[in-house]
Amino acid sequence: MSQDSENNESGKVSRRAFLGATAFSGVAGAGLATGLLPRATFAANNENGVAVHPGELDEYYGFWSGGQSGEVRILGVPSMRELMRIPVFNVDGASGWGVTNESKRVLGDTAHFQNGDTHHPHMSFQDGTYDGKYVWINDKANSRVGRIRCDVMVTDRITRIPNITSVHGLRPQKAPYTKYVFCNGEFVIPHPNDGRDLDDPSKYFTVFSGLNAETMEVDWQVIVDGNLDNTDADYTGKYAASTCYQGRGEGVTLAETMRNERDHAVIFNIEAIEKAVEAGDYITIDGSKVPVVDGRGDNTPFTRYIPVPKSPHGLNTSPDGKYFVANGKLSPTVTVIAIDRLDDLFAGKLKTERDVVVAEPELGLGPLHTAYDGRGNAYTTLFIDSQIVKWNVEDAIRAYNGEEVNYVRQKLDVHYQPGHNHTTMGETKEADGKWLVALCKFSKDRFLSTGVLKPENDQLIDISGDEMKLVHDGPAFAEPHDCTLVHRSKMRNVQSLWTRDDPFFAETVAMAKEDGVTLEADNKVIRDGNKVRVYMTAVAPVFGIDKFTVKQGDEVTVVVTNLDRIEDLAHGFVMTNHGVSFNISPQQTASVTFVADQPGVHWYYCSFFCHAMHMEMRGRMLVELPE
Ligand code: CUK
Ligand code: CUA
């Protein structure tokens, strides 16, 4: 699939010439008018004249956290059209995630949790930029990390991180490639957390985890002082940094977590951690086998604690690889940390930890997250001020050094209370400075009232010119914390058909083989005591079996293989009154196991409209009374 190169590049010139400059500024400026258009036909316009008309493709894939829905969503940017939802931690009716045997295998021993709280979707890297292979997402609610395969856009692994309660910040290593996904354990807990120490917070701690990107096992953990909020990696592979909002000690109540004027950003020395683990210089805790090193205290080889004001939240690496920026939240400032001073910091060559700070610009109230345009400017969300502030990093450094220079370029009102913001390719060395998305927590009056629960408001801002321009309001269901904007040229491996030997359903294929069944050809019912396995094909508009008989109380496994090879020709399988419903995409095998507990005739049917005779694509399960 070569989507890049054509479309937009050639299209934009002619459209621009055709519509003319006045037509564009009219549409782009009229926030209210564009808000009235249905999302699917919205055409966003920036200074480059980019518009996405019906039938045209977006320039960027946006991977959106689905928040409390526990999923990941794919949006097209700049149209802001929602293209797809990828279930990860949730039960999903359309795909049958959490219902099929294949998804339950991925969910593993946490399949009984029916929800998640996703915050940070991030793609795998090669050499400082996206490679189109995986997207990871954290589940703050149940301490898990999920991995989505970007070739089929399906979750293939879920890991419950040991020794922690709740994963919050998550980032893949950016260079030389994503070997680790860094995961912040947010809440401090006793270790072991088995009831013997309960209310003595001085014994609580949390850990920073290096999750292996390929194996999805945790390779090592680092015990830290304080807690861990957000994290980001550098562009060399040497360092990662996390924010902490509860000081070095044992703050557990609201007042305690707010009492310090300075909390800290903790810097992790990845090489030093790896060395200690390789040398066997580690402990294990809480009965888990994961190697753990102790990064508490001022002079460990693994960590340094940089004091920063106050309850810092977001941590964002600049795309030139020079700076970590910690966002102050309760301070009107962000703290700029020079990454090239970290070697000296760990070598003990600096007088104080604060010597790595090269700027601390005052930006406004409630700075939460910062994004970059690749032209030296940063964009920070101001939660309390409901604004995005655009500022220049090098000018902020000059001001910190005493020069009279105004580093704030512009403040733009957003609607309302933004959390994350994100620029196109902005978390890679290829930050291209075209679009900024501000993920606003409150929409209030921006849409027709939906009652007591209102949508979030994901606002699209054109940053391609000198001035930020708001061009679109995008309602979103609760609660996308973060998104990742990936140029479509990075997504070369997206497939429209499953491959028959795909590992996602390999175990089901192996089961069929043991039963002597060839899934691509056979339609068979295998009885094995009170277990019945029903293998059927699906080719529009027929299931390979239109009737099978079982006894009440049998455990029935239905395996359906979609033999259609036509792009987008999905079937569904619903067993009525059994809570069984799932999708089978082209060339996929999917299965479900349930108990036939109700005697009588039960129809099964295809639930995805696949053919003119789709309504007739069905069959009967006859459930006999037991003898
Ligand atoms: S967090 Cu929600 S607005 Cu979980 Cu990245 Cu900052
Ligand atoms: Cu197959 Cu509808």
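Residues numbered from 1 in each chain as written. Chains lettered and ligands numbered in written order. Predicted model: local features only at pLDDT ≥ 70, side-chain atom pairs only at ≥ 80, totals over all residues. Heavy atoms only, no water.

## Here's the deal with empty space enclosed by the protein
Sizing a probe to match a water molecule and rolling it over the atoms shows the empty space that remains.
Move 1: By the definition in use, this model includes one cavity of 30 Å³ or more.
Move 2: Lining the largest cavity are Asp232, Asn316, Thr317, Thr370, Ala371, Tyr372, Asn421, His422, Thr423, Gly426 and Glu427.
Move 3: At the level of secondary structure, the elements contributing two or more residues to the lining of the largest cavity comprise β17 (315-317), β21 (367-372) and β25 (418-423).
Move 4: Among the residues forming the lining of the largest cavity, the class breakdown is two nonpolar, seven polar and two charged. (1 Å grid on protein atoms, 1.4 Å probe; cavity = no way out; pocket = protein on both sides within 12 Å on 5 of 7 lines; lining within 4 Å. Points joined across faces, edges and corners; volume = space filled by probe spheres on them. Helix = DSSP H or I, 4+ residues; strand = E, 2+ residues; numbered from the N terminus. Nonpolar A, V, L, I, M, F, W, Y, C, P; charged D, E, K, R; others polar.)

## Regarding the environment of Gly169
Move 1: Tracing the sequence through the fold places Gly169 in strand β8 (residues 165-172).
Move 2: Counting along the chain gives 62 residues from Gly169 to Thr231, while the straight-line C-alpha distance between them is 5.2 Å.
Move 3: Apart from residues lying up to four places away in sequence, Gly169 is in contact with His120, Phe182, Cys183, Asn184, Asp229, Asn230 and Thr231. (Contact = heavy atoms within 4.5 Å.)

## Overview of the layout of surface pockets
Move 1: Space inside the largest pocket adds up to approximately 1400 Å³.
Move 2: In terms of lining, the largest pocket is formed by 43 residues, of which the most central are Met84, Val152, Met153, Gln495 and Ser585.
Move 3: For the lining of the largest pocket, the secondary structure elements donating two or more residues are β1 (60-65), β2 (71-77), β3 (81-87), α3 (101-107) and β7 (154-160).
Move 4: When residues in the lining of the largest pocket are grouped by element, the largest group, six residues, is from β3.
Move 5: Tallied by class, the residues present in the lining of the largest pocket amount to 23 nonpolar, 12 polar and eight charged.

## Quick look at the sheet that holds strand β35 (residues 571-575)
Move 1: If you trace the five strands from one edge of the open sheet to the other, you get β33-β39-β38-β35-β36, paired in mixed fashion. Bordering the open sheet on either side are β33 (547-551) and β36 (580-584), each of which pairs with just one other strand. In this sheet, neighbouring strand axes are inclined to one another by 20 degrees on average, regardless of whether the strands run parallel or antiparallel.
Move 2: Note that β35 and β36 share five bridges and pair antiparallel. Residue pairing across strands places Gly572 opposite Asn583, the latter belonging to β36. (Pairing = 2+ DSSP bridges. Axes fitted to C-alpha atoms, helices over the stretch in contact; angles between N-to-C directions.)

## Regarding unusual backbone geometry
Move 1: Backbone torsion omega between Ala175 and Pro176 reads -10 degrees, so that peptide bond is classified as cis.
Move 2: Note that Pro176 resides in the loop between β8 and β9 (180-187).
Move 3: Backbone torsion omega between Ala540 and Pro541 reads -5 degrees, so that peptide bond is classified as cis.
Move 4: For Pro541, the location among the structural elements is in the loop between β31 (531-539) and β32 (542-543).
Move 5: For Met153, which is not glycine, the phi dihedral falls at a positive 55 degrees.
Move 6: Its location among the elements puts Met153 in the loop between β6 (144-149) and β7.

## Observations regarding the site of ligand 1
Move 1: Lining the immediate surroundings of ligand 1 are His119, His120, His168, Asn230, His313, His369, Gly419, His420, Lys441 and His481.
Move 2: For the shell around ligand 1, the per-class residue count stands at no nonpolar, nine polar and one charged. (Near = heavy atom within 4 Å.)

## Considering helix α7 (residues 393-400)
Move 1: Those residues of α7 not exposed but buried are Val393, Asp395, Ala396 and Ile397.
Move 2: Next to the buried residues of α7 lie β18 (323-327), β20 (357-359), β22 (377-382), β23 (387-392) and β24 (408-413).
Move 3: For α7, the capping residue at the N-terminal end is Asn392, with a side-chain oxygen 3.2 Å from the backbone nitrogen of Glu394.
Move 4: Backbone geometry just downstream of α7 places Gly402 in the positive-phi region, at approximately 100 degrees. (Buried < 20%, exposed > 50% of the residue type's maximum accessible area, 1.4 Å probe, protein only. Polar contact = N/O pair within 3.5 Å; in protein donor to acceptor, adjacent residues only side chain to side chain.)

## A closer look at the packing of aromatic side chains
Move 1: Counted under the stated rule, the structure contains 18 aromatic pairs.
Move 2: Look at Phe208 and Trp220: their rings are 6.2 Å apart centre to centre, the planes differ by 35 degrees, and that puts the pair in the tilted class. Of this pair, Phe208 sits in strand β10 (residues 206-212) while Trp220 sits in strand β11 (residues 218-224); the two residues are 12 residues apart in sequence, bridging distant segments of the chain.
Move 3: Given the relative accessible area of 0%, Phe208 is considered buried.
Move 4: For Trp220, a relative accessible area of 2% gives the class buried.
Move 5: The side chain of Arg296 reaches across the aromatic face of Phe205, ending 4.9 Å from its centre.
Move 6: Taking NZ or CZ as reference, Lys329 lies 4.7 Å from the ring centre of Tyr245, over its face. (Phe/Tyr/Trp six-rings, centres within 6.5 Å; stacked < 30°, edge-to-face > 60°. Lys NZ or Arg CZ within 6 Å of the ring centre and 35° of its normal.)

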